Amino acid sequence: MQNKDTKKKIGILTSGGDAPGMNAAIRAVVRTATFHNIQVLGIRRGFEGLMTADFREMTAKDVSDIIHRGGTILRTARCEDMLTPNGPDKAAQVCQVLALDGLVVIGGDGSLNGAAQLARRGVNVYGIPATIDLDINYSEYTIGFDTAVNTGMDAVNKIRDTSGSHERCSVVEVMGRNCGQIALWCGMAGGAEDVMIPECNEQVMDASRLIRQIMENRGKGKHHNLILVAEGVAENFGDSEALAREIERITGIETRATILGHLQRGGAPTAADRMHAGMMGYKAVELFQNGVQNRVIVMKDGRYDHLDIFEALETEKPYNSRLYDIIKVLSI
């Protein structure tokens, strides 16, 4: 057996907004590393904790009974220092002092950009995309998205019940400041009449067009309406409450707005999120063990894959309107 002093050592942190499934990813990294006799340092509070060397050694026992829990046992924070010229230098120096052979970063686009900053300074990094918004251009899936959609769907189902009873129009705002994937999926699965997302052009986001649609639906015999709005679009109208008031003022139809907010971040991760998190965590340690450096784990063409982190971050993915177009067909 290897002497402990010669063990390879990796760090792991969760950064940015929390996402259900982060704990499952932490568990997979720690247990895979333990299997390969790799020492793991769990870094608390993301890059903020890395700056102050806030860490503890983690063993297989430390990650028992966390696979079903939402949030992150390592906690998380947004680190403004990583956006300064000297911040990444300081973080890289801490990695050097801790003698890390690799650093696993679990988080969204901002977190993985932070990981790339460290890679440019000689730190060997492995990114695992985890964000409920599914706004990573280079991966078809991000940990937390399925749970967030299912949480949104549960709320939409309940809202439909009362909306139908009162013959109301319901405006439901879901998370997704710059990305409308949660709204699209909840709109498709919830039978929404319309979905308003940041990716669509101004005509699609036009309130007057939306109101005409609601009135046409009433003329066709629809007794209640469901509109899904991504939070980034809601800001264009002031907020979802303002949009609901405008709909009611013009149509005379009783309209209510429901803002789901951070409700979508919490809760036990779904089977899909646990599965993807486990596989991505395992894959990150496997790459480290095989000497492959500076990678981000992705889902591509339905398979787990990995990309050079610098190439991944340069990837652009144009908006595909097909799902929105299908929603409009099914809403007639």
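Here goes a summary of the coordinates provided. (Residues numbered from 1 in each chain as written. Predicted model: local features only at pLDDT ≥ 70, side-chain atom pairs only at ≥ 80, totals over all residues. Heavy atoms only, no water.)

1. Examining the pattern of salt bridges
The final tally for this structure, using the stated rule, is 14 salt bridges. Residue Glu193 pairs with Lys222 through a salt bridge whose shortest N-O separation is 3.2 Å. With Glu193 in the loop between α6 (181-190) and β7 (194-196) and Lys222 in the loop between α7 (207-219) and β8 (225-230), this residue pair connects regions lying 29 residues apart in the sequence. Of the residues examined, Glu193 reaches a relative accessible area of 7% and is grouped as buried. Since its relative accessible area comes to 22%, Lys222 is described here as partly exposed. Each of the salt bridges in this network shares a partner with another, and the network as a whole consists of Arg168, Glu248, Glu254 and Arg256. (Salt bridge = Lys/Arg side-chain N within 4 Å of Asp/Glu carboxyl O. Helix = DSSP H or I, 4+ residues; strand = E, 2+ residues; numbered from the N terminus. Buried < 20%, exposed > 50% of the residue type's maximum accessible area, 1.4 Å probe, protein only.)

2. What about the sheet that holds β8?
In spatial order, the strands read β7-β8-β6-β9; together these 4 strands make up an open sheet with parallel pairing. Across the chains shown, the open sheet's two edge strands, defined by having one partner strand only, are β7 and β9 (255-259). The average angle at which neighbouring strand axes cross in this sheet is 20 degrees, direction not considered. The sheet strands contacting α7 are β6 (169-174), β7 and β8, and the helix crosses β8 at an angle near 160 degrees. (Pairing = 2+ DSSP bridges. Axes fitted to C-alpha atoms, helices over the stretch in contact; angles between N-to-C directions. Contact = heavy atoms within 4.5 Å.)

3. Re the environment of Tyr324
Within the fold, Tyr324 resides in helix α12 (residues 322-330). Taking the C-alpha atoms as reference, Tyr324 lies 9.3 Å from Met196; in sequence the two are 128 residues apart.

4. What to know about unusual backbone geometry
With phi around 60 degrees, Asn37 is a residue other than glycine that occupies positive phi space. Relative to the assigned elements, Asn37 resides in the loop between α1 (22-35) and β2 (39-43). Taking relative accessible area as the criterion, Asn37 reaches 15% and is therefore assigned buried. Residues other than glycine seldom take positive phi values, yet Arg75 does so here, at roughly 60 degrees. Within the fold, Arg75 resides in the loop between β3 (55-58) and α3 (87-97).

5. What to know about the packing of α6 against α12
At their nearest, the axes of α6 and α12 sit 10 Å apart, and the two run at 25 degrees to each other. Relative to α12, the element α6 is oriented roughly parallel. Handedness of the α6/α12 crossing: left-handed. Facing Leu184, Trp185, Gly187 and Met188 of α6, the residues of α12 in contact are Leu323, Tyr324, Ile326, Ile327 and Leu330. Of the residues contributing to the contact of α6 with α12, the split by class is 8 nonpolar, 1 polar and no charged. (Parallel < 35°, antiparallel > 145°, perpendicular 65-115°, else oblique. Left-handed = near helix turned anticlockwise from the far one by under 90°. Nonpolar A, V, L, I, M, F, W, Y, C, P; charged D, E, K, R; others polar.)

6. Some points on the sheet that holds β3
On the basis of which strands lie adjacent, the open sheet formed by 7 strands has the order β3-β2-β1-β4-β5-β10-β11 and mixed pairing. Only two strands of the sheet have a single neighbouring strand rather than two, namely β3 and β11 (303-308). Geometrically, the sheet is characterised by an average inter-axis angle of 25 degrees between neighbouring strands, direction not taken into account. Sheet topology places strand β1 (residues 9-14) next to strand β4 (residues 102-107); 5 bridges connect them, and they run parallel. Looking at β4, one finds that Leu13 is bridged to Val105. Across the sheet, α1 is in contact with β1, β2, β3, β4 and β5 (125-129); its angle to β1 comes to roughly 175 degrees. Here helix α10 (residues 271-289) sits on the sheet and contacts β1, β4, β5, β10 (295-300) and β11; the angle it forms with β10, its principal contact strand, is near 140 degrees.

It is worth stressing that arrangement in space is one thing and function is another; only the former is reported here.
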